[in-house]
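# Observations on the three-dimensional arrangement
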Amino acid sequence: MTIQTTSLADVARHAGVSLSTASRALNNAYGVSAETRARVIESAHALDFVVSPDARRLATGTTGRVALVVPHLERWFFGQITAGIERVLSQADLDVLLYQVDDEQHRREFLARLPARRKVDAVVVVAFPLSEEDRARLEKIGAKIVAAGARSDAYPSVGIDDYAAGRLAMNHLLSLGHTRIAMIALRNPDQPDWSTDRDRAQAYRDALSEHGLPPDPDLVREVELVPADAARAIKDILNTAAEPPTAIYTHADEVAFGVLRALRNCGHRVPEDISVVSIDDHPMAELLDLTTVAQDVRAQGATAGRLVLRELGLEPADPGLATTAPIRLIRRASTGRARTTTG
């Protein structure tokens, strides 16, 4: 028995459109009206038409696949941004291939193998930079590059202004009269000059300088994104500094969680003795009454997804598409006016 298969031409005839219009409608390309797209999709369903991935690749020169490369899967930030990206791309009928590459060597090996292993139309890198060599390799195979969670001048990207976020946090503390401000900075051993960490630290130094306050190295520690390490760092500051801080600025809420616990375990009241401010607005920040500079991470992921669609020609350029994500200070109970006496 011969099984008849439905062709794209059958769908086009059924919908009363040209073959090229039917192809564009089913590939979710722009330039097709919503009414026509709906009619073509209805015809495809009525005829049980299934798009062959191989046929799609031959007809359009694309794979319909996007590689999403992230350093971590277990951390809140990466989970949120991944969810935002995946939702937009899946709605556009693109397959998202998720890869975790957790250190620089792993990233380099993965990006070197990607062209030979499995062709993709685009690569989204989340919160890590590409080397010139990696970028050239991906561009050689025609893969579009989009960065999410950090801004880049080298390719389309979306992220917050980390320097502005740091200044917003620091200006809040300074406006409350704090002059002895400690900083628990982030350190990424695989990315020692990562712009996010560098810009948030520079914001601290510049804010102090503009208020005539020389930075005190005894009040600064660098930690990885581990709350327990942050707790040990602030205890070290309290035990060794000639004069303890009245406020602490941390680079990320997950760092601040460790700081808050350590302060309370050491008998320091927050904010009566020491204020704490951070960046992110992690879901736990509200529960812990943490003052923080908020960013909408899932929305950044959605914007990154739209940048991919734009680069692939599946969505027209939108001049209103903001690639510097908004931030805002959310004042909660972890910050207050500086105490007038030390002790």
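Remember, predicted model here, so these are calculated numbers, not experimental data.

## A look at the overall build of the chain
Scanning the chain from terminus to terminus reveals 13 helices and 11 strands. Principal-axis analysis of the C-alpha atoms places the extent of the chain at approximately 90 × 40 × 40 Å. Counting only residues that meet the buried cut, the chain has 48% of its 343 residues in that class. For the chain, contacts bridging at least 24 residues in sequence account for 71% of all contacts bridging at least 6. Roughly 16,600 Å² of accessible area belongs to the chain as shown, and the carbon and sulfur atoms make up 49% of that amount. With 40 positive and 46 negative side-chain charges, the chain shows a spacing of 2 Å between the two charge centroids.

## Some words on the environment of Val 277
With respect to the helices, strands and loops of the structure, Val 277 is situated in strand 9 (residues 275–280). Spatially, the C-alpha atom of Val 277 lies 15 Å from that of Tyr 163, the residues being 114 residues apart in sequence. The residues touching Val 277, leaving out its near neighbours within four places in the chain, are Ala 169, His 172, Leu 173, Ile 248, Tyr 249, Thr 250, Thr 291, Leu 329 and Thr 335.

## A word on the sheet that holds strand 8 (residues 247–250)
An order of 7-6-8-9-10-11 is seen for the six strands of this open sheet, with the pairing classed as mixed. Looking at the sheet topology across the chains shown, the edges are occupied by strand 7 (220–223) and strand 11 (327–330). Taking the axes of each pair of neighbouring strands and ignoring which way they run, one obtains an average angle of 15° across the sheet. Where strand 6 (residues 181–186) meets strand 8, four bridges bridge the pair, whose relative direction is parallel.

## Here's the deal with the pairing of strand 9
Of all the six residues making up strand 9, six are buried; the element is thus mostly covered by neighbouring parts of the structure. Here strand 9 shows two buried faces, one formed by Ser 275, Val 277 and Ile 279 and the other by Val 276, Ser 278 and Asp 280. In terms of handedness, the path from strand 8 via helix 11 (residues 253–265) over to strand 9 forms a crossover that is right-handed. When strand 9 meets strand 10 (residues 291–295), the two strands line up parallel, connected through four bridges. When the bridges of strand 10 are listed, Ile 279 appears paired with Val 293.

## A closer look at the pattern of salt bridges
Counted according to the given criterion, the structure contains 14 salt bridges. Of the charged contacts, one joins Arg 200 and Asp 162 as a salt bridge, the two residues approaching to 2.7 Å between their closest N and O atoms. Linking Arg 200 in helix 9 (residues 195–210) with Asp 162 in helix 8 (residues 162–175), this pair joins segments that are 38 residues apart in sequence. Classification of Arg 200 as buried rests on a relative accessible area of 5%. Across the pair Asp 281 and Arg 332 runs a salt bridge, and its minimum N-O distance is 3.0 Å. Taken together, the residues span a long stretch of sequence, with Asp 281 in the loop between strand 9 and helix 12 (283–287) and Arg 332 in the segment after strand 11 at a distance of 51 residues. Judged by its relative accessible area of 16%, Arg 332 falls in the buried class. If you follow the salt bridges from partner to partner, you end up with Arg 306, Glu 315 and Asp 318 in one network.

## Brief notes about the nonpolar core
If you look at the biggest cluster of nonpolar residues, it comprises 46 residues, and the most contacted ones within it are Ile 181, Ile 184, Tyr 249 and Leu 263. For this core, the secondary structure elements donating two or more residues are helix 8, strand 6, helix 9, helix 10 (227–240), strand 8, helix 11 and strand 9. Broken down by element, this core gets its largest block of residues, seven residues, from helix 11. Once residues within four sequence positions are removed from consideration, Leu 263 is found in contact with Ile 234, Leu 238, Ile 248, His 268, Val 270, Ile 274 and Val 276. Ranked by size, the runner-up nonpolar core spans 28 residues in total, among them Val 88, Val 124, Val 126 and Val 308.

## Remarks on the packing of helix 2 (residues 19–26) against helix 3 (residues 34–46)
Contact geometry for helix 2 and helix 3: axes closest at 9 Å, N-to-C directions at 90°. It follows from the interaxial angle that helix 2 and helix 3 lie roughly perpendicular. The segment helix 2 lies against helix 3, with Thr 21, Ala 22, Arg 24, Ala 25 and Leu 26 engaging Thr 36, Arg 37, Val 40, Ile 41 and Ala 44. In terms of residue class, the contact of helix 2 with helix 3 is built from six nonpolar, two polar and two charged.

The rules behind the values
Residues numbered from 1 in each chain as written. Predicted model: local features only at pLDDT ≥ 70, side-chain atom pairs only at ≥ 80, totals over all residues. Heavy atoms only, no water. Helix = DSSP H or I, 4+ residues; strand = E, 2+ residues; numbered from the N terminus. Buried < 20%, exposed > 50% of the residue type's maximum accessible area, 1.4 Å probe, protein only. Contact = heavy atoms within 4.5 Å. Areas by Shrake-Rupley, 256 points an atom, 1.4 Å probe, with all protein chains shown as cover. Lys, Arg positive; Asp, Glu negative; His and termini not counted. Charge placed at Lys NZ, Arg CZ, Asp CG, Glu CD. Pairing = 2+ DSSP bridges. Axes fitted to C-alpha atoms, helices over the stretch in contact; angles between N-to-C directions. Right-handed = clockwise from strand over helix to strand, strands pointing away. Salt bridge = Lys/Arg side-chain N within 4 Å of Asp/Glu carboxyl O. Core = buried A, V, L, I, M, F, W, Y, C linked by side-chain atoms within 4.5 Å. Parallel < 35°, antiparallel > 145°, perpendicular 65-115°, else oblique. Nonpolar A, V, L, I, M, F, W, Y, C, P; charged D, E, K, R; others polar.

Read these as geometric descriptors, not functional statements.
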